[in-house]
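The residues making up each chain are set out below.
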Amino acid sequence: MITPESILRLRPSVAMVPMEDGRWQFFQGNTRRSRVFRIKPELASAVGCLNGSTSLDCAAKLSHSDVMQFMELAKILHEGCLLEFADVAERIAESPLRRVLNFLGDYLPSNELENAFRRLKEKTAVIVGLGGVGSWIATELIHSGFQKFILIDDDQVETSNLNRSLYSQLDVGKSKVAALAERMRSINPKTFIQCVEERLANATRLAHLIAELQGNAIVVNCADSPSVDATSAIVDDACQGTNTPYVIAGGYNLHLSLIGVTVLPKQTACYQCGRLTLEEAQGDDLIGMRKLARPWRNIGNLVPLAAITASFAANEVLRVAVSDHRIPPAMINRRGEFNFLTGEIHFVSLPPRDECGCVRG
Amino acid sequence: MTIFRPFLRDGVDVYVRGDDEVHFVFLATRKRITAKVKPFLIQALALLEGNEHVDSLSGRVAQLHGVDARDQFISFLDYLEQKGIIVEPDWYAHTGFDEATNARQERQLSFLLDVLGTPDKAIAAQRKICEARLVCFGVGAVGSWLLRQLLGLGFKHFILVDHDHIDAADVSRHAFFEASDVAMSGFKATVTAEKIQHQFSDVDVVAKCEPLTTETILETLIPFDTDLIINAADEPYIGYTSVLLSRYCVSRRIPLLVAGGFNAHLGSLGELIIPGVTPCADCYADYFQEALKDWVPIEHPVAERLHASGGLCSLSAFAAGSAAMKVLRYFIGVGPFDGGRGELLFTNYHLETFKVERRPDCRVCSTL
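Notes on the structure follow. (Residues numbered from 1 in each chain as written. Chains lettered and ligands numbered in written order. Predicted model: local features only at pLDDT ≥ 70, side-chain atom pairs only at ≥ 80, totals over all residues. Heavy atoms only, no water.)

## A short note on the overall build of chain A
Right, so step 1: Helix and strand counts for chain A stand at 12 helices and 15 strands.
Right, so step 2: Within chain A, the fraction of its 361 residues that count as buried is 60%.
Right, so step 3: Long-range contacts, defined here as pairs at least 24 residues apart, represent 64% of the contacts in chain A between residues at least 6 apart. (Helix = DSSP H or I, 4+ residues; strand = E, 2+ residues; numbered from the N terminus. Buried < 20%, exposed > 50% of the residue type's maximum accessible area, 1.4 Å probe, protein only. Contact = heavy atoms within 4.5 Å.)

## Examining the sheet that holds strand S3 (residues 23-28) of chain A
Residue and element names in this part refer to chain A.
Right, so step 1: Spatially, 3 strands are ordered S2-S3-S4 in an open sheet, and the strand pairing comes out antiparallel. Edge positions in the sheet fall to strand S2 (14-18) and strand S4 (33-38), since each has one partner strand and no second. Across the sheet, the axes of successive neighbouring strands diverge by a mean angle of 20°, strand direction being ignored.
Right, so step 2: Relative to S3, S2 runs antiparallel, the two being bridged by 5 bridges. Considered in S3, the bridge of valine 14 is made with glutamine 28. (Pairing = 2+ DSSP bridges. Axes fitted to C-alpha atoms, helices over the stretch in contact; angles between N-to-C directions.)

## Description of the pairing of strand S7 (residues 157-161) of chain B
All names here are of chain B.
Right, so step 1: Counting buried residues along S7, 5 of its 5 residues qualify, which places the element largely inside the surrounding structure.
Right, so step 2: Residues His157, Ile159 and Val161 point to one face of S7 and Phe158 and Leu160 to the other, with burial holding for every one of them.
Right, so step 3: In this sheet, S7 lies alongside strand S6 (residues 133-137) in parallel orientation, the contact comprising 5 bridges. Its bridge partner lying in S7, valine 135 is registered against isoleucine 159.
Right, so step 4: Handedness of the crossover joining S6 and S7 through helix H7 (residues 141-153) is recorded here as right-handed.
Right, so step 5: Pairing of S7 with strand S8 (residues 204-208) involves 5 bridges; the strand directions are parallel. Residue pairing in the sheet places phenylalanine 158 in a bridge with valine 205 of S8. (Right-handed = clockwise from strand over helix to strand, strands pointing away.)

## Some points on helix H12 (residues 313-332) of chain B
Residues and elements named next belong to chain B.
Right, so step 1: Between its first and last C-alpha atoms H12 spans 28 Å; for 20 residues at 1.5 Å apiece the expected length is 28 Å, and the two agree.
Right, so step 2: The element H12 is largely enclosed, with a buried count of 18 among its 20 residues.
Right, so step 3: Phi for glycine 333, located one or two positions after H12, is positive at around 75°. (Expected span 1.5 Å × (residues − 1).)

## Topic: the packing of helix H6 (residues 119-131) of chain B against H12 of chain B
Residue and element names in this part refer to chain B.
Right, so step 1: For the pair H6 and H12, interaxial distance at closest approach is 9 Å and the crossing angle is 115°. Every pair of crossing elements has a handedness; the one defined by H6 and H12 is right-handed. Contact with H6, carried on its side by Ala125, Lys128 and Ile129, involves Leu328, Phe331 and Ile332 of H12 and no other residues of that element. (Left-handed = near helix turned anticlockwise from the far one by under 90°.)

## Considerations on the packing of aromatic side chains
Right, so step 1: Counting across every chain of the model gives 17 aromatic pairs over all chains.
Right, so step 2: Here the aromatic rings of tyrosine 107 of chain A and phenylalanine 346 of chain B are separated by 6.0 Å at their centres, their planes lie at 55°, and the arrangement is tilted. Highlighted residues: tyrosine 107 of chain A in the loop between helix H5 (98-104) and helix H6 (110-122) and phenylalanine 346 of chain B in the loop between strand S13 (340-345) and strand S14 (350-355), drawn from two different chains. For the pair tyrosine 107 of chain A and phenylalanine 346 of chain B, a shared accessibility class is recorded, and that class is buried. (Phe/Tyr/Trp six-rings, centres within 6.5 Å; stacked < 30°, edge-to-face > 60°.)

## Describing the environment of threonine 231 of chain A
All names here are of chain A.
Right, so step 1: Its place among the elements puts threonine 231 in helix H10 (residues 228-242).
Right, so step 2: Considered as a pair, threonine 231 and alanine 201 are 30 residues apart in the sequence and their alpha carbons are 8.5 Å apart.
Right, so step 3: Beyond its immediate sequence surroundings of up to four residues, threonine 231 is in contact with Asn221, Ala223, Asp224 and Ser225.
Right, so step 4: Within the structure, threonine 231 has its side chain in polar contact with the backbone oxygen of alanine 223 (distance 2.6 Å). (Polar contact = N/O pair within 3.5 Å; in protein donor to acceptor, adjacent residues only side chain to side chain.)

## Re the interface of chain B and chain A
Right, so step 1: At the junction of the two partners, chain B supplies 91 residues and chain A supplies 94 residues.
Right, so step 2: A buried area of about 8,200 Å², summed over both sides, lies between chain B and chain A, and 57% of it is on carbon and sulfur atoms.
Right, so step 3: Inspection of the chain B/chain A interface yields 2 salt bridges.
Right, so step 4: Linking chain B to chain A there are 32 residue pairs in polar contact (both at pLDDT 80 or more).
Right, so step 5: The leading source of residues in the side of chain B that touches chain A is H12 of chain B, at 11 residues.
Right, so step 6: Of the residues that constitute the side of chain B that touches chain A, the class distribution is 46 nonpolar, 28 polar and 17 charged.
Right, so step 7: Taken together, the 2 bridges between strand S13 (residues 290-291) of chain A and strand S2 (residues 12-17) of chain B define a ladder with antiparallel strand orientation. Looking across to S2 of chain B, one finds that lysine 291 of chain A is bridged to tyrosine 15 of chain B. (Buried area = accessible area lost by both parts, 1.4 Å probe. Salt bridge = Lys/Arg side-chain N within 4 Å of Asp/Glu carboxyl O. Nonpolar A, V, L, I, M, F, W, Y, C, P; charged D, E, K, R; others polar.)

As structure tokens, this is what we get:
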């Protein structure tokens, strides 16, 4: 793959910083991670020549390095997403989605990047519930390169939705699926959207929709009616049965500032595992208390909470879609809570539970 | 007692232990109030559904538990009102706002009630938001998502400043642009203002297609009655434009939100500068100059790096959400208003934050 004639360049988002004792820090600006290598001075200066038009051979000669040694180093640095092939970089620069590709380039070597993005584009994001969080997720995903969607919701846009969702006053009275699909197509006319204007009543219906996608579905649950528990149970049931990854975006206990769990069926803790753990931990001192039943509640909500919750779910869908161990989902076996007053994120571990029986092997 | 039809409001969970201990859990803030009360008062909580007048309710209580119970019930209601646990059921329909604002902000008013405690405070906070005048520099990846959220929060007066034209890549990261906007190659500010006007007809928005440079006469872009300035412009360089704007803001005591440019599209969280309260942009600049003085990368071999940076819409939306929260907290007066920045690390979603203090010797803000 990498030959003396190869033209690689130091990725523009990577900073190369000299440290003591011949060590060099490579700082990946996109993801703010750094790696340190001890490199001979002449090899380091050869890396500093990789400007996108100089071959490895040429850079080695310019800095009086051994070409074979430099090729070995270049392989490692390319594998570590610090160098990239110039021809790939040129194609990326032409793409309207170059920022997404450059971002993924912090995790995937440049020669694998375009294939990974193709995999992502083949995935269908199945979004259950198109309220505040759902409308944000769909939009964030289309801006991340997703082109295939199934949108599921039976609701119509009401004025009271407008404070936190991405609908506008022009959408009031339209069905949410139609309004959102229209907006998505205006961003990318090539988007394929299947609108399912119905309330997700049971797992069979969802499993049927997923089955047609032949393993390319990722489900996101953003539906909270009648409750997040109820809709998540349906999603869990359908996804476990069809071996489909899913992301819980909404929130437990009626909070929308929650970052839900990501589930890879048979491999990681599922929603029900999490529920078991949360029920045990719940309220510690509220245990043994009766809760006053409060039907039809109207809980406060506002747009930054919806957008922030959605941003994590969209991140997770992206990571699942790329399907690569170097950029795995980050919400496996845990959930998070974003404190809107302090801006802090707190995570709770939700391990797989034997008694749930979902994880095998 | 000023409430006629007491309603145990939606944002409070009620837990009961035994027959005389009640816990009110505020969903938005997780605040908890515990009270020991007579068992009949706990039973009476179930009556507070907002559909019965307080006289009729207390009459029922008196009938069941005697005349003394009536007074105890009334003082219990007094207590619940003070604590913001009961409200008038339709309080948010009597805010004095126009019908559209009321309908749109119903859920947010519930939220503000949760955080601020009483309907009066919630309404006053929303009014402040509706009346505030904002000037936003830069309407790109982060600026547009922030604007979209500020519109959701109910802000209605904007001036947008951006001298750039739309290109194809902008559509894939912008909150307002559509594929069909590329061919026209209009000014970002103008097109954004048109879209906002179209989607939110009661918003007043003005576009100014001018660059932000040392030559800029800020007085021509920023009216004297501006309540908040937002810097989401990344050109020529956010550190530079922020210092420029911050000096202007400090001298006029206008708060400045720095949101964008320095990798906000990668999940970096900016700061709200409140003159005299938080560090100013010069304090930040000095802080970073010192903190990073030993960190000197080699000159990058690739000269043209403009199109090579990464970014995700979800990270822009996160940074915009965090910035919108800061703006909201400023306008509703919920601190703390500390100096500092944060970075969301994508790999594990660890939110790294660090504090920055005001510099006692700052040449710009130390005299405030």
